[in-house]
Amino acid sequence: MISLRHGRVTLALHPLREGTGRALLCLHAVGGSAHDFREVARLWSGPVFALDFSGHGDSSPLRGGGYFPENLAGDADAALARIGPALLVGAGVGAYVALLLAGGRPDAVPAALLLPGAGLEGGGPAPDPAADTISRWEDLGAPLAGCDPAVRRLERDLRPPEYAEAFARAAGRLLLAEGDFPQPPWWKAVRATPTATPVPGDLVSGLARLATLSID
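A brief look at the structure comes next. Just so you know, these numbers come straight off a predicted model, no measurement behind them.

### Some details on the nonpolar core
Link 1 in the chain: In this structure, Leu25, Leu114 and Leu174 are the most contacted members of the largest nonpolar core, which totals 51 residues.
Link 2 in the chain: With nine residues, the single largest contributor to this core is helix 2 (residues 93–104).
Link 3 in the chain: Those residues in contact with Leu25 that lie beyond four places of it in its chain are Leu13, Phe49, Leu51, Ala76, Ala79, Leu80, Ile83, Ala86, Leu87, Leu88 and Val89.
Link 4 in the chain: Among the nonpolar cores identified, the runner-up in size contains 21 residues, and Ala34, Trp44, Val89 and Ala91 belong to it.

### Section: the packing of aromatic side chains
Link 1 in the chain: Following the criterion strictly, the structure yields four aromatic pairs and no others.
Link 2 in the chain: Judged by centre distance (5.6 Å) and plane angle (90°), the ring pair of Phe181 and Trp187 falls under edge-to-face. The pair Phe181 / Trp187 is uniform in exposure class, with both members buried.
Link 3 in the chain: Seen in terms of ring centroids, Trp186 and Trp187 are 5.7 Å apart; in terms of plane orientation they differ by 70°. Their pairing is edge-to-face.
Link 4 in the chain: For Trp187, a relative accessible area of 0% translates into the label buried.
Link 5 in the chain: Grouping aromatic residues by their ring pairs yields a cluster made of Tyr96, Phe181, Trp186 and Trp187.

### Describing the pattern of salt bridges
Link 1 in the chain: In the structure shown here, the tally under the stated rule is seven salt bridges.
Link 2 in the chain: A salt bridge links Arg42 to Glu39, with the shortest nitrogen-to-oxygen separation between them at 3.1 Å.
Link 3 in the chain: A relative accessible area of 62% places Arg42 in the exposed class.
Link 4 in the chain: Residues Glu155 and Arg152 are paired through a salt bridge, measuring 3.0 Å at the closest nitrogen-oxygen approach.
Link 5 in the chain: One salt-bridge network, held together by shared partners, links Asp77, Arg105 and Asp107.

So, how was this worked out
Residues numbered from 1 in each chain as written. Predicted model: local features only at pLDDT ≥ 70, side-chain atom pairs only at ≥ 80, totals over all residues. Heavy atoms only, no water. Core = buried A, V, L, I, M, F, W, Y, C linked by side-chain atoms within 4.5 Å. Buried < 20%, exposed > 50% of the residue type's maximum accessible area, 1.4 Å probe, protein only. Helix = DSSP H or I, 4+ residues; strand = E, 2+ residues; numbered from the N terminus. Contact = heavy atoms within 4.5 Å. Phe/Tyr/Trp six-rings, centres within 6.5 Å; stacked < 30°, edge-to-face > 60°. Salt bridge = Lys/Arg side-chain N within 4 Å of Asp/Glu carboxyl O.

Right, dumping it as structure tokens:
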């Protein structure tokens, strides 16, 4: 395990496979950890790393519990600073983080594979004026095993489609899984951009497509 610092958080970056060629950085769903990607080590020919986001797995919690995908994108950027440019595979909220990083750092992330999982939908595209936002923020629900209880806020952040679309248009290549799962408005907006390509929804097929991309 490699320990990294992102602000006041100590992050756990797990090398899953050594090798030469394109590096792959794996980003898990809400309530998950790097261990969710152990299978990837036998599916990818190059080096493979998996990150525990703040408040998950072996990484320390975020003081104050203000978890947002943008914080996690900073976690993943700290991992890139250590390993160098890499392709991304993200599940659930990790897919949304992969989008943010691919659009924000196209120099370091030439392509990303986005998969379904916990936290994919977030809290919707816009505020609900009838909702009690204070109670929604404070009521975390049942804690997730091995996680800071406050990470459940990653299931409630707003994700406007136009915001996601801007990152998608700035990205290099995005592969979006197809399948029978709820596709939130931000996902549909990304899918309609010229940088996005639909791929089979299983991990094996998605990684195979990612490995064959021609990237300048």
